[in-house]
Each structure stands twice: as structure tokens, then as C-alpha cells.
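One-letter residues, chain by chain:
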Amino acid sequence: MAKLSILVLDDEAIVGKRIRPALGKLGHEVDVVASGSEAIQRIEGRVYDIVVSDIRMEGVDGMEVLRRARARSARTLVIMITGFATVDAAREALTLGAFDFIAKPFKLDDLRATIARAARKLAETDAARG
Amino acid sequence: MTLFRWLRFGKREPLPFKLLFARFRQLLDNNTEVLELFADAAEKQGGEYVFDRTYVTGWVTRIFDLVGKIVYDLNSIANQKYASLYALVDRLRAEAHGDLAGQPVVPQADFCIGFHQIDESQVNLVGSKSAHLGEIASRLQIPIPPGFTITTYAYLRVLAENKLDKVIDRGIELFAAGQRSACEEVCRRLREARLPSDLCRAIKRAFGQMERQGKPLYLAVRSSAFGEDDDLSLAGQYCTVLQVKPEDVFDAYREVLASLYSNDALTYRRAVGLPLRGLMAVACMRMVPAEASGVLYTLDPNRPEGVGKMLVGATWGLGSRAVAGEQSMAFFEISRESPHQILSYRPSPSAEVVVGREAGGIRTLTSEGAQADRRELSPEQIQRLCEYALRIEHYSRQAQDIEWARDPEGSLYILQARGLQVRQPAALPTNLAAQLGHYPLLLDHCGLVACRGIAHGRVCRLRDERELADLPSGAVLVTRRASPHLASAMPRVAAIITEVGSPTGHMAALAREFRIPTIVDCGAAVARLRPGQEVTVDADENLVYEGRVDALLQYQLVAENGFEDSAEYRVLRRLLRRITPLGLIDPQSDAFRAERCRTAHDVIRFAHEKAVEEIINLNVTSGVVGIEGARLLDSELPLGLRIIDIGGGLDPVLAGVSPNAPVTPQALRSLPMCALWQGLTTPGVWSTRPVGVGFRTFMASAMSWHSSESAGRNLAVLSDAYVNLSLNLGYHYTMVDAYVADARSANQIYFRFVGGASDLERRVRRATMVREILDRLDFAVRQSRDLVIANARRLPREQTEDRLRALGRLIGFTRQVDALMDSEDLAMRYVEAFLRGEYTVDPDKGD
């Protein structure tokens, strides 16, 4: 798998703390932030390959981050994490262009597999664009 | 008397049977769900999952909802006999929620607890430092000096006795308002506090026990505050008093208590976000008459990329000034790899030696070069010290900062251990993924991860569990079975790999307790691991590399992956240790009483047992036959078994509508009962002819079921997924409680076997045979004299049914061999025969 730039956003610090080394070990470059506004700053600053974001947070929520990330670059794939996996939230996020969903608590392997699928899609997109 | 009257007052009319059984079934379902939740959290603890505070809060809330319902259902079945459990559950719930909120609830407890009785679940009572020390001693079996901790409960009593609560509130208010030395008054009052007389007695008693261990006694009296050492501990916030004579211990104790409200301590607590109101336990540890002491870092904190080296600082005499940085030390650089080579040694430029004074206290001498030709530690002592240190590091999954001391006899003691802060994120290997590609993979996702983590060592293949004692420290243990017997070696092994086994099994749970990276069920692939071969086990990724993968090992020690030390993980671990330990094991013992319940697990175990007992007694006392729903099972086996169906256990058509008519085995629909029945009726297992030829044999089989008294006690309570089977077969009493469904998480078997009417020696021999068979069938088994208890949990449906069939066969088989327990040899031969499938025994042919 190619080296990817990944932004991880969750207001529960433990989530970023677990994800960073798990993805870092695969060789990816991982930034971790704990608030939506900080995430948006980072997104404005650079284009990420993948954004992994919690869906419900205080202040700027995951839906807003999803919108901003997709607006910044349509190539960026957004994976949503949620503690309350409701059908409605899932439907809305997917309509807004989220790549996929993961419900907390999740296995690191599930996330890795989703990241791998996202990586394949990125490679296909890039190949199609030549 | 009052209680008795209250109970009578509280009694109500017994429930109608229909409602009673509905409550019973509800109790069973809730019991199953709680066990499922226990298992779920234990699994989360293994490190495979990412969870957050929401999960932990939801988990606790759900558990206590269910436990509350279980207690309610039990009491409605048992006519409020166990009403005292309501208050207990409320207290346990409050304690758990206190943990969640980071506000420790201090339970009523002993004033003093010996180090060896301490584990992490008691952290609210003994503080983090003592809890960690207790774990090192009892779990890792590493020597620490003898001692005890004066609990936070004692501290609260001191506050109450001296009416200090308001003084403290006022002091904190002033401090928060920015007034320095706001708490001077609190410190003074604590220094002068009157200690309750029962507390003084408890301390003297604890002392007395240490004095009996010999030699004039001096103590190190150290703070062990709640929250201290938990995270980025700024050590030394609170006071330590060294070389304390027994008569001065009360003053030293008060001195340590007073340091809780020093200006420094308050500033520190505010800085790290701990509540300003502190909670102090005090550790009293025998002073090691140290000839040398010092510190050990399991990694060079300034050059963590050099994972090959440990640093040992050493000084002659006591280490107090050296540890505080007031005195220079000698330095050893030592290889991390066993055998630990001394790579370099630099003698101490200082000639100062700190020693204890006979009159108490310490003083500094100049050593006049008397020790110039000796080193502080011999190579052998270095070996031992490094081995202890790495064991602690493995357990903590983090580089360690350890204080040690050596006495003149050469014994080494660990005085304290905490995480070593390696603040060099830049030192992380940048191209780990690329580096890993250079190492040959021996096992690539061959098995199932039972406990995550990374470890390195040499392969040691275990053929026989008797070899466990000789296992070299730091070995990668490769075995056929994931047997719980491996527990004895767990403090010493680096990693475990097994051919068969389950990540939800008993050994896997133990591995997680000891935090040993473990991969189970690797099958024939384990043959690729050659004895003596150096390997690196990456149980995070389910991989085993050939050789020592330094980049990975370094990654484990310094990377930000010490999730075990994150707040959520610690809270979950603490809650698990508070909620899930099972102390009430043997229902036959006197200790099996409501007031002996300590944990939520105890409560549900107790409630389950008592509810079943109520249901069984109900039928015995009422003469069974008259009761609606208790029906005789009409079969070839002359069991006289009565059946109560509490929902879906019998086929309504085949069983017919007449409530008192016998039913045939064909009508059984209960999954676990059907499996048991298949086992019981396996050809040869329940031979209806007298077995063997001896008179005793004949009598044994004749007595086994024709006793009319026992007939009423053979009872099965069934539902579609559940059975509780009680069999009294004249010679022994057997109970099987099992739940079987398609989803494995709820599946469980509980089996109990206890011997009856023969001499103890035979009963024990019989129990040993049963234990041996169950052990070989991969049950988690415990034996206490003639009592055997076995469990199997969370196995897939087919495997659960297989084990139930085996239990059915075993029940029949033990009945046959009941009186034939003349020697150990014979008993072991029965074990082999049973496992070969030869159920019809003929002892005369065997001899």
C-alpha cells in the first residue's frame, strides 16, 4: 500500500491515541486532532488522502468536517466513526459523500481494512485521471 | 432478632408458579447477559478494540441495571430471603460510578493491608504506588521488602476523628482563590492529629507481624496518594520518612499525611487536573539494610533508538540522596538481551555513603575509598536485577524507571517502579514498514490473537507441563494446548504461541491478566518455530518474525501506543477488577452467603445458585408430583428424572397437554438437554447390567439409582436454550447448568461434581479422575478435595454441545466406576479408557 496522509479527528483522545500508532506502523503519515475547528484548520492547510472523523462532537461536528474536506478536495476520502450508529446519520453522511462508516467500539483490523479499501479507491481514481 | 422480625414482615405470599418460572427464566437470561458483558469488556481489554469513555459508562450502567434486576428476581422467587443484596448492589454501583467519575469511593475496609494482599483493584484504598508494588510482588513474583499500607479508609477516619473536613474545605477555598500557604493550618492540624485507638492498634499489629520476620526493624514510610504515579508523575511531591523506628511510626505517618496539603502538592494536583482534595494512603516498608542501592532504566531515555541497552545507577549504602539527584552514582551500561552483558562501567566520583542511624534517621559518611576495588553489583546480581526489570517492563508495556536495593547477603529488592518518560517522538523509527520487510516471516496470520503486544525471545517448545518449572526466563513459549496450567510460568515468559486454543479461553484470559503477547490456535504452523530459534512476536499484527526485530521492539517501548496506560483503559481495567472477580466459588461451603459477596460477579453467581436451589427445593418439599409442570421423563435410563419446562424445553405436541403425564426423550427440545441426553445414552456409557463381577461393584451400581429417596432430587429445569440438571446418583451429586444458542457469546457450561458416600481418599481419587478428564476436554477446571468445578464459556454452539455430550458420557461413566477407585493408577487408567471411548469398564480385566 502506498504511503497515505491521514487526518484523524475524535474528541475522545483515546481514539486518536490508538489509531495513530496502528496506522503509523503501516507507514502512513497520521495527524491527530481533537476538535472539529482544529480539523478544519488542518484541512485548509493541506489536502489529505483520507480523513477519519467522529460524527457527533461538541461544536463543529463530523458532518461539517466531512463537507469541508470534500469541498477542499473531492479526492479526499472520509471515513466516519460513530458511537451511536444510527441509520439516519449513516444515510446523511453517505449522501454527503462519506466513503464508509465504522461504529465504536471497533477493531483496529476493521479500520485497517477500510483504510486499505480507501487506498485502492484512491489508486483507481489516480489511475483514471492518468 | 430485629432482622428476623423484619424478614417476616417483609415476606409476602409466594408467587403463582407461572410467574415464578417467568422470573426464574428472566434471572437466567439476565445472568447470561451480564456474563456476556464481562466477556465483552475483557475482550476490549486485550487491545484489539478501540473504545471510548461512552462505551465504559454504558457498560457499567448496563451491568448494574441487570444485576439489580437479578437481585429483584431472586428475592421474588425466594420470598425476600436475600433482601440484604439490594443495599450491596447499590454500594457496588456507587463505587463503580465513583471510579468512572475519577472520584474514588473509599469502601469501608481494613486500616492496614499487607503488600502481598494488594492488587490494582484496591487502588482507591492503597494508592497507586502501593497497588503497583503489590502487583509486582504477587503477580510477577518479584521480591519487594515486606510491609503494609495504611489505607485511605484510615486516613478518612483520622479526618473524622479530628473534625478536619471543614478545615480542609476552607484551606482549599483559599488556595483556589490564589492565597499561598492557604493550607498551612491543615498541615499543622494533620501533624498534630490524634490517631483513633483502633487505628494505632491495627498499625502495631501489622508491625508485630513484620517484627516476627526477624532483625531490628526500621521502616521507610512513604506516601501512596490516590493519583500519585498514575500518569506523568512528578515524583517526590509528598513526603517520605526513612529509617523510622517502630515507636516513631505514628509521627512519620502524620508527617506523610500532612504533606498532602503542602503548597507544592496542591500546586501539582491543580496542574495535572487531580481534585484538590487529596486522598492519602501510606506505605510502611521494611528498610532494606542496603549495602548498595540505586535506580535502573530499562532504556536510555536520551537515546531510546539504542534499544540494546539498560542503565543502572548504583551507590553504596542507601540510595535516597542519589535518587533525589543530590549525589552522583556509579553507572553500568548493560545489554538488554539475556544473558545481560556489562557493556561499560563508570565508578562513582563521590565517596559519600548514606547509612541508617541506629537511633533512627539517616546520615552521610565519607567512605575513605574502602570500596574502591569492588563494584556495587556483581555480574550475577546484575543478571537478576535486569531480569526483574524486564519482567516489570513486559507487564507494563513501557520502559521502566525502577528503584532497587541490595542487602549484604546479596538479596535484591524492588522498592518502586514507574513508567520511564522517554520524550523523544523523533526517535521513532521513521520507515518501520520498510524495515520490517527485511525479516523473514515465520507465522503470518496463522492463529488468533489472544493478547496483543510485541515481544522477543528464544523459542522454547513445551512437550510436557512438568517442564514448566525449568523454563528459561524471557522465552517464547510454544505449546500444543492453551492450558491454564501455563499460568505458573506466565510471569517469566516473553510470549506464548499455541497449536490449539481459543482467544476466549481460560488461558487467554490469564495471558491478558499478565499481559503476555499471545497467539493461539496456530495449528501445524508452529512446527516452523525451531527450539532455540530467536524470534520476534508481533501479536498486534498476528505475525512472528525470525530474529530480533529491533525497530519493532523499540516501537513498542517508546511509541505512543501504551494504550494500557490511557485513562479509559485504566478505568476499564480497574472496573473489571472491581466487578468481575469471583470469590464465591463453592456453593457447598459455609462462605457461600449473601454477606460474603464482594463483587457484582459474586452477586450474580450467588443469585443464580440460590434461585436454582429455590426451584429445586420447591419441588422436593412439595412432593413433585402434585406440582403443575413437573413431569417424569419416561426412558430406559432408570433415573427417575423430573422435568420442569420453563419455556420451549419440550415439544408441545409430543409432550402432550396433560400436565402430569410422563414425557419421552423424543419430546426434549432444549438444546443443552438434548446434547447431555445424547451423551448419557451413548452405548456402553449407562450399562444397565451390573458392571464387572466383584460384589462391591455390583452393590455400587445397584445403589446408584434404586434409592427411592434420590428419585425426587433428580431434576431438570429446561428452556429452549437452557438446562439446569441436578442428579443425585447415590454416590455423588452432579449439577450441570448450561446455556446453548447460536450466538456463542452467551454459551456457557457450569459443571459441578461432588463425592458422596465413601471414604475421603476414594472421593478425592474419583474427583481427581473427573478433573483430569475435564481438563483434557479443555474445560477450565478447579478441584478442592472431592469437589470439582468446571467451566466452558463462549464457545461456538457445536463445541458447546460436544462438551455437553462428553459430560453426559462422563456422568454415566463415573457412576460405573464409583466404587472402583482402589488406586491412583487405576483411576488414571479410567481416564485413558474414557478418552479412548471405552466406556464399559471391567476392573478385573484391567488388573
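Residues numbered from 1 in each chain as written. Chains lettered and ligands numbered in written order. Predicted model: local features only at pLDDT ≥ 70, side-chain atom pairs only at ≥ 80, totals over all residues.

K.L.:
What exactly am I supposed to notice about the overall build of chain A here?
P.N.:
Secondary structure assignment for chain A yields five helices and six strands. Of the regular secondary structure in chain A, the N- to C-terminal order runs β-α-β-α-β-α-β-α-β-β-α. Within chain A, the fraction of its 130 residues that count as buried is 40%. In chain A, once contacts between residues fewer than 6 apart in sequence are set aside, the share between residues at least 24 apart is 60%. (Helix = DSSP H or I, 4+ residues; strand = E, 2+ residues; numbered from the N terminus. Buried ≥ 20, exposed ≤ 12 C-beta atoms within 10 Å, placed from the backbone. Contact = placed C-beta atoms within 7 Å.)

K.L.:
Looking at this structure, how should I read the overall build of chain B?
P.N.:
A count of helical and extended segments in chain B gives 26 helices and 30 strands. Restricting the contact set of chain B to residue pairs at least 6 apart, pairs at least 24 apart contribute 65%.

K.L.:
Please clarify how the nonpolar core should be interpreted in this entry.
P.N.:
As a rule of thumb, soluble globular proteins bury nonpolar side chains together. Residue and element names in this part refer to chain B. Ranked by size, the top nonpolar core spans 144 residues in total, and within it Val221, Ile414, Val476, Ala495, Ile497, Ala511 and Val537 carry the most contacts. For this core, the element with the most residues is helix α13 (residues 379–396), which contributes eight residues. When neighbours within four sequence positions are excluded, Ala495 is seen to be in contact with Ala455, Gly457, Val476, Ile516, Pro517, Thr518, Val537 and Ala539. In terms of nonpolar packing, the next biggest core, distinct from the first, is built from 140 residues, Val603, Leu774, Ala806 and Leu807 among them. (Core = buried A, V, L, I, M, F, W, Y, C linked by C-beta atoms within 7 Å.)

K.L.:
Any chance you could explain the sheet that holds strand β13 (residues 400–406) of chain B here in plain terms?
P.N.:
To summarise the sheet geometry, strands pair through backbone hydrogen bonds and adopt either a parallel or an antiparallel arrangement. Residues and elements named next belong to chain B. Strand order in the open sheet formed by six strands is β10-β9-β8-β7-β13-β14, and the pairing between neighbours is antiparallel. Both edges of this open sheet fall to β10 (342–346) and β14 (412–419), since each of them pairs with a single strand only. Sheet twist, expressed as the mean angle between neighbouring strand axes with direction ignored, is 20°. Judged from the six bridges that link them, strand β7 (residues 292–297) and strand β8 (residues 309–316) form a sheet pairing that is antiparallel. Bridging from a neighbouring strand, Tyr297 pairs with Leu311 of β8. (Pairing = 2+ DSSP bridges. Axes fitted to C-alpha atoms, helices over the stretch in contact; angles between N-to-C directions.)

K.L.:
I keep staring at the pairing of strand β11 (residues 352–356) of chain B and nothing clicks. Help me out?
P.N.:
The two faces of a sheet get side chains in turn, since along a regular strand they alternate between them. Residues and elements named next belong to chain B. Relative to strand β12 (residues 362–366), β11 runs antiparallel, the two sharing five bridges. Considered in β12, the bridge of Val354 is made with Thr364. Counting the residues in the hairpin turn of β11 and β12 gives five residues, including Gly360, whose phi is positive at 100°.

K.L.:
What should I look at first to understand unusual backbone geometry in this one?
P.N.:
Note: most peptide bonds trans; most residues except glycine with negative phi. With an omega dihedral of -10°, the bond running from Lys104(A) to Pro105(A) counts as a cis peptide bond. In this structure, Pro105(A) sits in the loop between β5 (100–103) and β6 (106–107). Notably, Asp778(B) is not glycine yet its phi reads approximately 65°, a positive angle. When you line up the elements, Asp778(B) lands in the loop between α23 (760–776) and β29 (780–784).

K.L.:
Looking at this structure, I do not really get α23(B). What am I missing?
P.N.:
Structural remark: α-helix, 3.6 residues per turn; residues separated by three or four positions point the same way. Residues and elements named next belong to chain B. For α23, with 17 residues, the first-to-last C-alpha span of 24 Å sits near the 24 Å given by 1.5 Å per residue. Of all the positions in α23, only Arg763, Arg765, Arg766, Ala767, Met769, Val770, Arg771, Glu772, Ile773 and Leu774 are classed as buried. Asp778 sits one or two positions beyond α23 and adopts a positive phi of about 65°. (Expected span 1.5 Å × (residues − 1).)

K.L.:
Teacher, can you tell me more about the interface of chain B and chain A here?
P.N.:
It is common to give the size of an interface as the accessible area lost on bringing the parts into contact. Taken together, the contact pairs 18 residues of chain B with 17 residues of chain A. Of all the secondary structure elements, the ones that give two or more residues to the side of chain B that touches chain A are β1 (49–50), α3 (53–77) and α14 (432–436) of chain B. Looking at the side of chain B that touches chain A, the element that brings in the most residues is α3(B), giving three residues. Along the lines of polarity and charge, the residues of the side of chain B that touches chain A split into nine nonpolar, three polar and six charged. Pairing of β6(A) with β1(B), which is carried by two bridges, proceeds in the antiparallel orientation. In the sheet register, Lys107(A) faces β1(B), and the bridge partner there is Tyr49(B). (Nonpolar A, V, L, I, M, F, W, Y, C, P; charged D, E, K, R; others polar.)

K.L.:
What is the right way to read the sheet that holds strand β4 (residues 77–82) of chain A from this model?
P.N.:
Residues and elements named next belong to chain A. Taken together, the five strands give an open sheet; going across it, the order is β2-β1-β3-β4-β5, and neighbouring strands pair in parallel fashion. For this open sheet the edge positions go to β2 (29–33) and β5, each flanked by a neighbour on one side alone. Taken pair by pair, the neighbouring strands of this sheet meet at an average axis angle of 20°, ignoring direction. The strands touched by helix α1 (residues 13–24) are β1 (5–9), β2 and β3 (50–54); relative to β2, the strand with the most contacts, the crossing angle is about 175°. Strands β1, β3 and β4 of the sheet are contacted by helix α3 (residues 62–72), whose axis makes an angle of about 165° with β3.

K.L.:
How should the pairing of strand β18 (residues 476–479) of chain B be read in this particular structure?
P.N.:
Residues and elements named next belong to chain B. Side-chain alternation along β18 places Val476 and Val478 on one buried face and Leu477 and Thr479 on a second face that is also buried. Sheet analysis places strand β17 (residues 454–461) next to β18, joined by three bridges and oriented parallel. Across the sheet, Arg461 pairs through a bridge with Val478, a residue of β18. Inspection of the sheet shows β18 paired to strand β19 (residues 495–498) by four bridges, in the parallel sense. In the strand pairing of β19, Thr479 is matched with Thr498.

K.L.:
Hey, could you run me through the environment of Val549(B) in this one?
P.N.:
Residue and element names in this part refer to chain B. Within the element layout of this structure, Val549 appears in the loop between β22 (543–546) and α16 (550–558). Residues Val549 and Gln435 lie 114 residues apart in sequence; the distance between their C-alpha atoms is 8.8 Å. Setting aside residues up to four positions removed in sequence, Val549 forms contacts with Leu436, Tyr439 and Thr536.

K.L.:
Which parts of the structure should I look at to understand the packing of helix α7 (residues 165–176) of chain B against helix α8 (residues 184–191) of chain B?
P.N.:
Angle between the axes and distance between the axes are the two parameters that describe a pair of packed helices. All names here are of chain B. Put simply, α7 and α8 touch, their axes get as near as 8 Å, and they point 150° apart. One way to sum up the angle between α7 and α8 is to call them roughly antiparallel. Mapping the contact onto sequence places Val167, Ile168 and Gly171 in α7 and Glu185, Val186 and Arg189 in α8. For the contact of α7 with α8, the class distribution of residues is three nonpolar, one polar and two charged. (Parallel < 35°, antiparallel > 145°, perpendicular 65-115°, else oblique.)

K.L.:
So what exactly am I meant to see when it comes to the confidence of the model for chain B here?
P.N.:
As a note on interpretation, predicted positions should not be read in detail where pLDDT is low. Residue and element names in this part refer to chain B. Scored by pLDDT, chain B comes out at a mean of 81, with 84% of its residues at no less than 70. Contacts of residues 1–10 to residues separated by more than four positions or lying in other chains number three contacts, the stretch itself having pLDDT below 50. Scored below 50 in pLDDT, residues 688–712 shows 38 contacts in the model against residues more than four places distant or in partner chains. For this predicted complex, the interface score ipTM comes out at 0.85, alongside a pTM of 0.62. (pLDDT = per-residue confidence, 0-100.)

K.L.:
Please clarify how the packing of α1(A) against helix α5 (residues 108–129) of chain A should be interpreted in this entry.
P.N.:
Residue and element names in this part refer to chain A. Orientation of α1 relative to α5, taken along the N-to-C sense of each, is 55°, at an axis distance of 11 Å. If you check the angle between α1 and α5, you find them oblique. In this structure, the crossing between α1 and α5 has a hand that is right-handed. Note on element contacts: α5 touches α1 through Leu108, Leu111, Arg112 and Ile115, opposite Arg18, Ile19, Ala22 and Leu23. Across the contact of α1 with α5, the residue classes break down as six nonpolar, no polar and two charged. (Left-handed = near helix turned anticlockwise from the far one by under 90°.)

K.L.:
Before we go on, may I ask you to explain the environment of Thr364(B) in this structure?
P.N.:
Residue and element names in this part refer to chain B. Here Thr364 is to be found in strand β12. For the pair Thr364 and Arg321, spaced 43 residues apart in sequence, the C-alpha to C-alpha distance is 9.2 Å. Apart from residues lying up to four places away in sequence, Thr364 is in contact with Arg321, Glu352 and Val354.

K.L.:
What should I look at first to understand the confidence of the model for chain A in this one?
P.N.:
When the pLDDT values of chain A are averaged, the result is 88; 96% of them are 70 or greater. The secondary-structure element of chain A with the lowest mean pLDDT is helix α4 (residues 87–95) of chain A, recorded at 79, while β1(A) shows the highest, at 95.

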